[in-house]
Structure formats: C-alpha cells, structure tokens
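Observations on chain architecture
For reference, the chains in residue letters:
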Amino acid sequence: KFYGMLAVPRGMCLFAGKSFVAGALMSFGPRADMKAMASCEADLGFLEEGQMTVIMWQGKPIFIHRRTEKQRQEAKDTPQAELKDPETDDARHKNEEYAIMIAICTHLGCIPVFGAGDWGAYLCPCHGSHYDFSGRIRQGPAPLKLEIPPY
C-alpha cells in the first residue's frame with residue numbers, strides 16, 4: 001500500500017545520484033578556460049619579410065618571424081657541426097618562410113631580443129646566449145635551441 005508513496009523519493013534519489021556522478025566525472029576533464037588556451041590563431045598577413053611579431057600561447061610568448069630569403073638560406077647553409085644542439089632548418093620549421101618558436105631562453109627562462117646577437121637574430125641579454133634565424137643556439141650558456149610549439 002505504501003510502496004506507491006515511496007516511488008517519488010526513490011526517483012528523486014536516483015536523479016540526485018545520477019547528477020552527482022555526472023558532475024564528478026565532468027570535473028575530471030579540462031576547464032573551459034584551459035581548453036581555450038590550448039590553441040590559438042594568428043593573422044600573419046600584416047607581416048612583411050624580415051618582420052617579427054609576438055603572440056601568447058598557454059601563457060608563453062611565441063616568436064613568429066617572417067624570414068627573408070637571405071635569412072632562410074643562412075639557416076639552411078649552417079654546418080651542423082657548428083651547433084651545440086644540431087637540427088636542420090627544414091626539420092624545425094614546417095613552412096620555411098616563417099620561423100615559429102617559443103620565446104623562452106633554454107638557459108634560465110629569459111626572453112631573447114630580436115635582431116641582436118652575433119648572428120643578428122636572437123640574443124638573450126641576461127647571460128649572452130646567441131641564436132640564429134632558425135632558433136638554434138650558436139653561442140652562450142643555453143644548452144638547447146628554442147623550442148618549437150606544436151602547430
């Protein structure tokens with residue numbers, strides 16, 4: 001006789017339990033703001049040859065440099081034996097016209113300056129690491145080349 005009266009509280013408990021479990025499972029995934037930071041788009045139409053811009057991705061500065069033909073050729077012609085952390089320019093950059101790199105020095109995390117250094121490309125002013133137009137370390141205390149973000 002009283003079983004009918006218990007159906008409503010049971011249904012409410014089932015609904016509340018389902019909502020709790022679904023909410024708990026959803027909390028394991030990334031938040032919406034984290035998903036938004038995972039990727040970014042940039043219009044590069046304004047960049048002329050030889051110019052560089054900086055965008056932010058996941059809280060990190062990204063160098064986007066539209067290289068001249070001379071800069072691309074210098075990067076390609078560099079002997080691998082001269083590099084601390086060797087890698088060809090073709091292996092580093094998908095589009096040879098653009099050099100896209102995370103702008104954080106691999107020595108102590110400073111931000112290199114564009115258009116400076118012995119190779120005229122990037123210089124970390126904190127401790128004197130020099131990078132070429134491909135972002136490879138050429139001189140100084142930095143152990144590795146500038147990192148390439150996934151793109």
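Residues numbered from 1 in each chain as written. Predicted model: local features only at pLDDT ≥ 70, side-chain atom pairs only at ≥ 80, totals over all residues. Heavy atoms only, no water.

1. A closer look at a nonpolar patch on the surface
A cluster of nonpolar residues, Phe20, Val21, Leu25 and Phe28, forms a patch on the protein surface that exposes about 510 Å² of accessible area. Relative to the helices and strands, Leu25 resides in helix H1 (residues 3-26). For Leu25, a relative accessible area of 55% corresponds to the exposed category. (Patch = residues over 30% accessible without salt bridge, like charges linked within 9 Å, V, L, I, M, F, W, Y side chains within 5 Å. Areas by Shrake-Rupley, 256 points an atom, 1.4 Å probe, with all protein chains shown as cover. Salt bridge = Lys/Arg side-chain N within 4 Å of Asp/Glu carboxyl O. Helix = DSSP H or I, 4+ residues; strand = E, 2+ residues; numbered from the N terminus. Buried < 20%, exposed > 50% of the residue type's maximum accessible area, 1.4 Å probe, protein only.)

2. Examining the nonpolar core
Membership of the largest hydrophobic core comes to 14 residues, with the highest contact counts inside it found for Met101, Cys105, Tyr122, Tyr131 and Ala142. With sequence-adjacent residues up to four places away left out, Met101 is seen in contact with Pro61, Ile62, Phe63, Arg92, His93, Tyr122, Ser134, Gly135, Leu146, Glu147, Ile148 and Pro149. (Core = buried A, V, L, I, M, F, W, Y, C linked by side-chain atoms within 4.5 Å. Contact = heavy atoms within 4.5 Å.)

3. Things to note about the pairing of strand E2 (residues 60-66)
Regular strands have side chains that alternate between both faces of the sheet. Among the seven residues of E2, five are classified as buried, and the element is accordingly described as predominantly covered. Across six bridges, the pairing between strand E1 (residues 52-57) and E2 is antiparallel. What sits directly across from Val54, in E2, is Phe63. Adjacent in sequence and paired antiparallel, E1 and E2 are bridged by two residues, among which Gln58 carries a positive phi angle near 55 degrees. Two elements, E2 and strand E3 (residues 98-102), share five bridges in a ladder whose sense is antiparallel. Within E3, the position partnered with Arg66 by the bridge is Tyr98. (Pairing = 2+ DSSP bridges.)

4. Remarks on the environment of Gly59
One can find Gly59 in the loop between E1 and E2. A relative accessible area of 58% means that Gly59 is categorised as exposed. Separated by 77 residues in sequence, Gly59 and Arg136 have C-alpha atoms that sit 22 Å apart.

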